[in-house]
Amino acid sequence: PKLNIGGSQKAHAPVVRIEGGIAGDNSKINADSVIKTLRSAFADEKATAVILYIDSPGGSPAEAERINNFIQQQKTETKKPVYAVCANMCASAGYMIAMQADQVYASKYSLVGSIGAVLSSWNFSEAINKFGVQHNAYASGKLKAMLNPYSPVKPEDEEKAQVLVEGMGKIFAKEVVEQRKDKLTTTVDLFTGEVWDGTQAKSLGLVDKIGTLDDVVRENFPSDVVVQELSRPGRGRLLFNTATEAFTQSLVNAASRVSHISIN
C-alpha cells in the first residue's frame, strides 16, 4: 500500500488528520471541521476503512464528544473499521477521540494519556487593588459570578470549581474503561492526568499496537489499496505569531471572564 495525496479510482482508505488544540472556535480544530471531513471519508463508497491521524494535546470535551458520537454512528451505519494513529501527542480530548477506533496505534515516542479535566481562570483582584480600582458585580445567585477575575476567589468558588473538574474527570475515566474494556492490562491508576510514552501506553492497555501511520497501512491494507490523505480540517486563521501576542490575548480573555473547562 502507498500513501497518496489526491483522488484515486481504486479502493482506498482515507486519512483524516486531527492536529492541534480542539476548541469550539475557528482558531483551532473544532467538531464542525472534523465531522465534515469524516463525513466525506465514511461516505466514500471506495473507502474500505477510515484512519484517524491524531496529533493533539486535547481541548474542549464538548467538541470531542460531538466527534466521538459521529464516529460511533458512522461505524454502526457503514460497518467500516476505524484505525487511530497517535502521532507526537495524543492526550486528553485527543485520546478521547482516538479510543473510538477499533485499533489504536502509537509510536514509541508518542505521548499518550493525560486523562482528566482542568478548569483554568485568571484573577487580577490584587493588581486592581494596587491601582485603587473597584469592580462591582451583581449576581442573582452566590455562584453566578464565580471565578470573576476582578474579585478575590471565594471558598465556595474553589469548591464548586473542584466539583466540576472532578465530575468531568470521572466521566472521562468511565468512558476509557467502557471503550477499552478488557484491553486495559494494569491496576495502575490511569486517571491521575499523567502521560506515558507509546510503549508504556501499550503496556497499560491504552493503545493496541506500537507503530506509525506507515505501519497501519502495511499491516492492514493490501497492496492494491491506496491510502488517501484527505484535506485537513480547517484550523482557522493564525491569530498570534508570538508569545507576547498570545499572552496579551490571554489577558483580554480574562478581562472578559473567559473561564473554561478543558480535557487537556
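All values reported here derive from a predicted model rather than from experimental measurement.

**Considering the confidence of the model for the protein chain**
Then step 1. Confidence in the prediction for the protein chain averages 81 pLDDT; 81% of positions are at 70 or higher.
Then step 2. Across residues 1-9 the pLDDT falls below 50, and counting only partners more than four positions away or on other chains, this stretch makes 26 contacts in the model.
Then step 3. Every residue in residues 234-260 scores below 50 in pLDDT, and together they form 37 contacts with partners more than four places removed in sequence or on other chains.

**Focus: the nonpolar core**
Then step 1. In terms of nonpolar packing, the biggest core is built from 41 residues, with Leu 38, Val 50, Leu 52, Tyr 95, Ile 97, Ala 98 and Leu 206 touching the most fellow members.
Then step 2. Top contributing element to this core by residue count: helix α1 (residues 31-43), with six residues.
Then step 3. When residues no more than four places from it in sequence are discounted, the contact partners of Ala 98 are Ile 54, Ala 84, Cys 86, Cys 90 and Val 104.
Then step 4. Counting residues in hydrophobic clusters, the runner-up holds 14 residues, among them Tyr 83, Val 85, Tyr 105 and Val 227.

**Quick notes on the pattern of salt bridges**
Then step 1. Going through the model one piece at a time under the given rule, you end up with eight salt bridges.
Then step 2. Its salt-bridge partner being Asp 157, residue Lys 154 comes within 3.6 Å of it at the nearest N-O pair.
Then step 3. With a relative accessible area of 32%, Lys 154 lands in the partly exposed category.
Then step 4. A relative accessible area of 2% means that Asp 157 is categorised as buried.
Then step 5. In this structure, a network of salt bridges that share partners links the residues Arg 180, Lys 183 and Asp 208.

**Digging into helix α2 (residues 61-78)**
Residue pairs three or four apart in sequence face the same way in an α-helix, which turns once every 3.6 residues.
Then step 1. The first and last C-alpha atoms of α2 sit 25 Å apart over 18 residues, in line with the 26 Å expected at 1.5 Å per residue.
Then step 2. Within the span of α2, buried status applies to Pro 61, Glu 63, Ala 64, Ile 67, Asn 68, Phe 70, Ile 71, Gln 74 and Lys 75.
Then step 3. Between a side-chain oxygen at the N-terminus of α2 and the backbone nitrogen of Ala 62 the separation is 3.4 Å; the capping residue is Ser 60.
Then step 4. Positive backbone phi, at 65°, marks Lys 79, one or two positions downstream of α2.

**Digging into the layout of surface pockets**
Then step 1. The volume enclosed by the second largest pocket comes to roughly 280 Å³.
Then step 2. Among the elements of the structure, α2 and α5 (155-180) are those that each provide at least two residues to the lining of the second largest pocket.
Then step 3. A class-by-class count of the residues in the lining of the second largest pocket yields seven nonpolar, five polar and three charged.

**Side note on unusual backbone geometry**
Then step 1. In this structure, Lys 79 is a non-glycine residue whose phi angle is positive, near 65°.
Then step 2. The exposure class of Lys 79 is exposed, given its relative accessible area of 66%.

**Examining the packing of α1 against α2**
Then step 1. Relative orientation of the contacting elements α1 and α2 amounts to 10°, with a least axis distance of 9 Å. With respect to their mutual orientation, α1 and α2 come out roughly parallel. Here Ala 31, Asp 32, Val 34, Ile 35, Leu 38, Arg 39 and Phe 42 of α1 lie close against α2, whose contacting residues are Glu 63, Arg 66, Ile 67, Phe 70, Ile 71, Gln 74, Lys 75 and Thr 78.
Then step 2. Considered class by class, the residues forming the contact of α1 with α2 number eight nonpolar, two polar and five charged.

**Focus on the pairing of strand β4 (residues 82-91)**
Then step 1. Within β4, eight of the ten residues are buried, which leaves the element mostly enclosed by the surrounding structure.
Then step 2. Where strand β3 (residues 50-56) and β4 come together, six bridges link them in parallel fashion. Residue Leu 52 lies in a different strand from β4, and its bridge partner there is Ala 84.
Then step 3. In the classification by handedness, the crossover that spans β3, the intervening α2 and the parallel β4 is right-handed.
Then step 4. Read as a crossover between parallel neighbours, the route from β4 over helix α3 (residues 93-98) to strand β5 (residues 103-106) is right-handed.
Then step 5. Pairing of β4 with strand β6 (residues 111-113), which is carried by three bridges, proceeds in the parallel orientation. By the bridge assignment, Met 89 is partnered in β6 with Leu 111.

Parameters at a glance
Residues numbered from 1 in each chain as written. Predicted model: local features only at pLDDT ≥ 70, side-chain atom pairs only at ≥ 80, totals over all residues. Heavy atoms only, no water. pLDDT = per-residue confidence, 0-100. Contact = heavy atoms within 4.5 Å. Core = buried A, V, L, I, M, F, W, Y, C linked by side-chain atoms within 4.5 Å. Buried < 20%, exposed > 50% of the residue type's maximum accessible area, 1.4 Å probe, protein only. Helix = DSSP H or I, 4+ residues; strand = E, 2+ residues; numbered from the N terminus. Salt bridge = Lys/Arg side-chain N within 4 Å of Asp/Glu carboxyl O. Expected span 1.5 Å × (residues − 1). Polar contact = N/O pair within 3.5 Å; in protein donor to acceptor, adjacent residues only side chain to side chain. 1 Å grid on protein atoms, 1.4 Å probe; cavity = no way out; pocket = protein on both sides within 12 Å on 5 of 7 lines; lining within 4 Å. Points joined across faces, edges and corners; volume = space filled by probe spheres on them. Nonpolar A, V, L, I, M, F, W, Y, C, P; charged D, E, K, R; others polar. Axes fitted to C-alpha atoms, helices over the stretch in contact; angles between N-to-C directions. Parallel < 35°, antiparallel > 145°, perpendicular 65-115°, else oblique. Pairing = 2+ DSSP bridges. Right-handed = clockwise from strand over helix to strand, strands pointing away.

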